[in-house]
Amino acid sequence: MAHTLPALPYGFDALEPHIDAQTMQIHHGKHHQAYVDNLNKALAGTDGENKSLEELMAGISSYPMAVRNNGGGHYNHSLFWTILGGDGSLPAGKLADAVNAAFGSLDGLKEKMNAAGATRFGSGWAWLIVSNGTLQVTSTPNQDNPLMDIAEVKGTPILGIDVWEHAYYLKYQNKRPDYLSAVWNVINWAEVAKRFEAAL
Ligand code: MN3
């Protein structure tokens, strides 16, 4: 069962001006597509071909690096597209309570995530995860994620911010912190809340 590129749940220009349409086109159509294609190539004819993405992540240490990089890339971007495209509403309900309990406020969470993203050397991801029922911020290098058995901090990711240069360079060049502060304008908190409740 080959992996496929999920359609973007909104238009390429839906995140303007915070994330530009050209970046979205290349990011989704070229980068993510390449992770999908290379994952399928790396799995062809192996037992991993019949595993779900989540199963692959949980046992990633026993697969070749191409499965880790491209399987992670496929998982991470599939999550990323869904947690963007929000209508400007803020976290509500149980998620808002959990954010306040763990970080004091939404600004406290943003500060922690932005620091995790800004200090991730080279390429990687900043994550909000559910670990033992509580929220935690972490980051991973390359296309690793907190579902992988090799992750330093493990948990279920409910929000991930891509800090690879390909996610922001056309608009923000070297200014990763500017991208990190802008991305909060387009977070889909309803989707994050859905993932939060599913992870509990
Ligand atoms: Mn990316």
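Our subject is the structure listed above.
Scoring rules and cut-offs
- Residues numbered from 1 in each chain as written.
- Predicted model: local features only at pLDDT ≥ 70, side-chain atom pairs only at ≥ 80, totals over all residues.
- Heavy atoms only, no water.
- Salt bridge = Lys/Arg side-chain N within 4 Å of Asp/Glu carboxyl O.
- Helix = DSSP H or I, 4+ residues; strand = E, 2+ residues; numbered from the N terminus.
- Buried < 20%, exposed > 50% of the residue type's maximum accessible area, 1.4 Å probe, protein only.
- Axes fitted to C-alpha atoms, helices over the stretch in contact; angles between N-to-C directions.
- Parallel < 35°, antiparallel > 145°, perpendicular 65-115°, else oblique.
- Contact = heavy atoms within 4.5 Å.
- Nonpolar A, V, L, I, M, F, W, Y, C, P; charged D, E, K, R; others polar.
- Core = buried A, V, L, I, M, F, W, Y, C linked by side-chain atoms within 4.5 Å.
- Phe/Tyr/Trp six-rings, centres within 6.5 Å; stacked < 30°, edge-to-face > 60°.
- Lys NZ or Arg CZ within 6 Å of the ring centre and 35° of its normal.

1. A look at the pattern of salt bridges
Part 1: Under the counting rule described, the total for this entry stands at four salt bridges.
Part 2: In this structure, the salt-bridge partner of lysine 194 is glutamate 191, at a minimum N-O distance of 3.2 Å. Of this pair, lysine 194 and glutamate 191 both sit in helix α8 (residues 189-199), three residues apart, which is roughly one turn of that helix.
Part 3: Accessibility expressed as a relative area gives 57% for lysine 194, which makes it exposed.
Part 4: The network of salt bridges with common partners includes Glu191, Lys194 and Arg195.

2. Some details on the packing of helix α4 (residues 93-103) against α8
The description of two helices packed together rests on the angle between their axes and the distance between the axes.
Part 1: Look at α4 against α8: their axes get within 9 Å of each other, and the N-to-C directions meet at 80°. Comparing the axis directions of α4 and α8 gives the class roughly perpendicular. Contact residues: α4 offers Lys94, Leu95 and Ala98, while α8 offers Trp189, Val192, Ala193, Phe196 and Glu197.
Part 2: Grouping the amino acids of the contact of α4 with α8 by side-chain chemistry returns six nonpolar, no polar and two charged.

3. Description of the nonpolar core
Part 1: Counting residues in each nonpolar core, the largest one holds 54 residues, and the members touching the most others are Leu84, Leu135, Leu159, Ile161 and Tyr179.
Part 2: Here leucine 135 is in contact with Leu95, Ala98, Val99, Ala102, Phe103, Leu128, Ile129, Val130, Ile158 and Phe196, once residues within four sequence places are set aside.

4. Comments concerning the environment of lysine 41
Part 1: The topology assignment puts lysine 41 in helix α1 (residues 21-43).
Part 2: Given a relative accessible area of 63%, lysine 41 falls into the exposed group.
Part 3: C-alpha of lysine 41 to C-alpha of valine 186: the two residues are 145 residues apart in sequence and 34 Å apart in space.

5. Looking at the packing of aromatic side chains
Part 1: Throughout the structure, instances matching the rule amount to six aromatic pairs.
Part 2: Centroid distance phenylalanine 80 to tryptophan 125: 5.4 Å. Interplanar angle 90°. Geometry classified as edge-to-face. Of this pair, phenylalanine 80 sits in helix α3 (residues 65-83) while tryptophan 125 is found in strand β1 (residues 124-131), placing the two residues 45 residues apart along the sequence. Accessibility classification places phenylalanine 80 together with tryptophan 125 in one group, the buried group.
Part 3: On the numbers, 5.4 Å between centres and 15° between planes, the contact of tryptophan 125 with tryptophan 127 is stacked. One exposure class covers both tryptophan 125 and tryptophan 127, and it is buried.
Part 4: An aromatic cluster is built from Phe80, Trp81, Trp125 and Trp127, whose rings are joined through pairwise contacts.
Part 5: The positively charged end of lysine 171 is found above the aromatic ring belonging to tyrosine 172, 5.8 Å away from the centroid.

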